[in-house]
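The chain contents come next:
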Amino acid sequence: MSVMAGGFTYGETYDSYTDLAIGTTNAVNQLVVDGSFSADVKVTTTFISTNVLRNVALGLRLEEESDAYSGNWCNGYTGYQCVLELVASNDDDVADYNIEIKLCDDSVSDIDESSSSWTIDLGSEYIMTFEMYGDTLTCSVADADGNEEASFSITDSTYDREGTASVGSYYATTYFADFEACDATPEPSVAPTLNPTLE
């Protein structure tokens, strides 16, 4: 994997969690897979947010293009981003989020967002999944035991193609324990490491 925006450090520790990755800048920090997946694809990450202020994102069907929007979650790639967007913070321990699915083109736009929000306990482990089958895009969040907390699906056919995948957060306050991306078909899956190889 390579750095798409910002930066990352690895081998970090938080509470009882070890061998974590975390962004290094107070802006968007993203990693992108050095490879391509089919149009039917699934990406999953396990994350721990430690601050109420920031968001988490997964990207799919991404392709680097010279005229792609250079800011926000796009950073020079066209495709889709699923973002856990902060709605409100109740206190220092919990925050309310909803799910937004964004289209990256020559600009960035919200295709749609979930109408309801749910609460994340800061410092706890969550599993975020973004998957695409044809023109159906689904983003979901589960707790550490795999119990679904929230799910949101839309249909969009702007980019029905192969592409790469990304994972990221805004601000240096979200730890990532793992990241896996795989073709829905065919097998086998591809599970890239969080540690990118930089030249």
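All values reported here derive from a predicted model rather than from experimental measurement.

### Regarding the overall build of the protein
Line of reasoning, step 1. Each helix and strand in the protein was counted, giving 0 helices and 15 strands.
Line of reasoning, step 2. In the protein, which comprises 199 residues, the proportion classed as buried is 52%.
Line of reasoning, step 3. Here the contacts in the protein between residues at least 6 apart in sequence split such that 62% fall between residues at least 24 apart.
Line of reasoning, step 4. On the protein, roughly 8,700 Å² of surface is accessible, and the fraction owed to carbon and sulfur atoms is 40%.

### Considerations on the state of the cysteines
Line of reasoning, step 1. Counted under the stated rule, the structure contains 2 disulfides.
Line of reasoning, step 2. What pairs with Cys 74 in a disulfide is Cys 104, and their sulfur atoms sit 2.2 Å apart. Across the S-S bond linking Cys 74 and Cys 104, the dihedral sits near -85°, which makes this disulfide left-handed. With a gap of 30 residues between them, Cys 74 in the loop between strand 6 (56-64) and strand 7 (77-89) and Cys 104 in strand 8 (residues 94-104) connect regions that are remote in the sequence.
Line of reasoning, step 3. Put simply, Cys 82 and Cys 139 are joined by a disulfide, and their sulfur atoms are 1.9 Å apart. Judged by the torsion about the S-S bond (-90°), the Cys 82/Cys 139 disulfide is left-handed. Placement of Cys 82 in strand 7 and of Cys 139 in strand 12 (residues 136-143) is noted, with a sequence separation of 57 residues between them. Residues Cys 82 and Cys 139 agree in their burial class; the two are buried.
Line of reasoning, step 4. For the protein, the bonded cysteines connect in the pattern 1-3, 2-4 when numbered consecutively along the sequence.

### Overview of the sheet that holds strand 15 (residues 174-183)
Line of reasoning, step 1. The sheet built from 7 strands is open, its strands ordered 2-3-15-5-11-12-13 with antiparallel pairing. Edge positions in the sheet fall to strand 2 (8-14) and strand 13 (148-155), since each of these pairs with one other strand and no more. This sheet shows a mean twist of 30° between the axes of neighbouring strands, independent of strand direction.
Line of reasoning, step 2. Of the strand pairs in this sheet, strand 2 and strand 3 (residues 17-23) are connected by 4 bridges, and their pairing is antiparallel. Paired with Glu 12 across the strands is Leu 20, a residue of strand 3.

### Focus: the side chain of Ser 38
Line of reasoning, step 1. Considering the arrangement of structural elements, one finds Ser 38 in the loop between strand 4 (28-32) and strand 5 (41-49).
Line of reasoning, step 2. On the basis of relative accessibility, which here comes to 16%, the residue Ser 38 falls in the buried class.
Line of reasoning, step 3. One polar contact links the side chain of Ser 38 to the main-chain carbonyl oxygen of Asp 40, over a distance of 2.7 Å.

### Describing unusual backbone geometry
Line of reasoning, step 1. Backbone geometry places Asp 15, a non-glycine residue, at a positive phi of 55°.
Line of reasoning, step 2. Here Asp 15 lies in the loop between strand 2 and strand 3.

### Comments concerning the pairing of strand 12
Line of reasoning, step 1. Burial analysis of strand 12 places 7 of its 8 residues in the buried class, the great majority of the element.
Line of reasoning, step 2. The pairing of strand 11 (residues 125-133) with strand 12 spans 8 bridges and is antiparallel. Its bridge partner lying in strand 12, Met 132 is registered against Leu 137.
Line of reasoning, step 3. When strand 12 meets strand 13, the two strands line up antiparallel, connected through 7 bridges. Its bridge partner lying in strand 13, Thr 138 is registered against Ser 153.

### Considering a negative patch on the surface
Line of reasoning, step 1. A cluster of acidic residues, Asp 93, Asp 121, Glu 148 and Glu 149, forms a negative patch at the surface.
Line of reasoning, step 2. Asp 93 gets classed as exposed once you look at its relative accessible area, which sits at 53%.

The rules behind each value
- All residue numbers here refer to positions counted from 1 along the written sequence of the relevant chain.
- With the structure being a predicted model, the display of local features is reserved for residues of pLDDT at least 70 and the display and counting of side-chain atom pairs for 80 or more, all residues being used for whole-chain, interface and lining totals.
- Each side-chain value is worked out from all heavy atoms of the structure, with water and hydrogens disregarded.
- A run of H or I in DSSP becomes a helix once it reaches four residues, and a run of E becomes a strand once it reaches two; helices and strands are each numbered from the N terminus.
- The cut-offs for exposure are 20% and 50% of the maximum accessible area for each residue type, with area from a 1.4 Å probe on protein chains only; residues under the lower value are buried, those over the upper are exposed, and the others partly exposed.
- By the convention used here, residues are in contact when the closest approach between their heavy atoms is within 4.5 Å.
- We get accessible surface area from the Shrake-Rupley algorithm with a probe of 1.4 Å; when it comes to residues, only the shown protein chains can shield them.
- The definition used for a disulfide is geometric: two cysteine sulfur atoms within 2.5 Å.
- A pair of strands is considered paired only if DSSP assigns at least 2 bridges between the two.
- Axis lines are fitted through C-alpha atoms, for helices just across the contact stretch, and the angle between N-to-C directions can take any value from 0 to 180 degrees.
- The term polar contact refers here to a pair of N or O atoms within 3.5 Å; inside protein, the definition further demands a hydrogen-donor-capable atom paired with an acceptor-capable atom, and it admits residues adjacent in sequence only when both atoms are side-chain atoms.
- Note on patches: the residues involved have over 30% relative accessible area and no salt bridge, like charges join within 9 Å, and the nonpolar side chains Val, Leu, Ile, Met, Phe, Trp and Tyr join within 5 Å.
- Definition used for salt bridges: Asp or Glu carboxyl oxygen within 4 Å of a side-chain nitrogen of Lys or Arg.
- Charge assignment in this entry is limited to Lys and Arg as positive and Asp and Glu as negative, and neither His nor the chain termini are counted.
- Charge positions come from single atoms, namely NZ of Lys, CZ of Arg, CG of Asp or CD of Glu.

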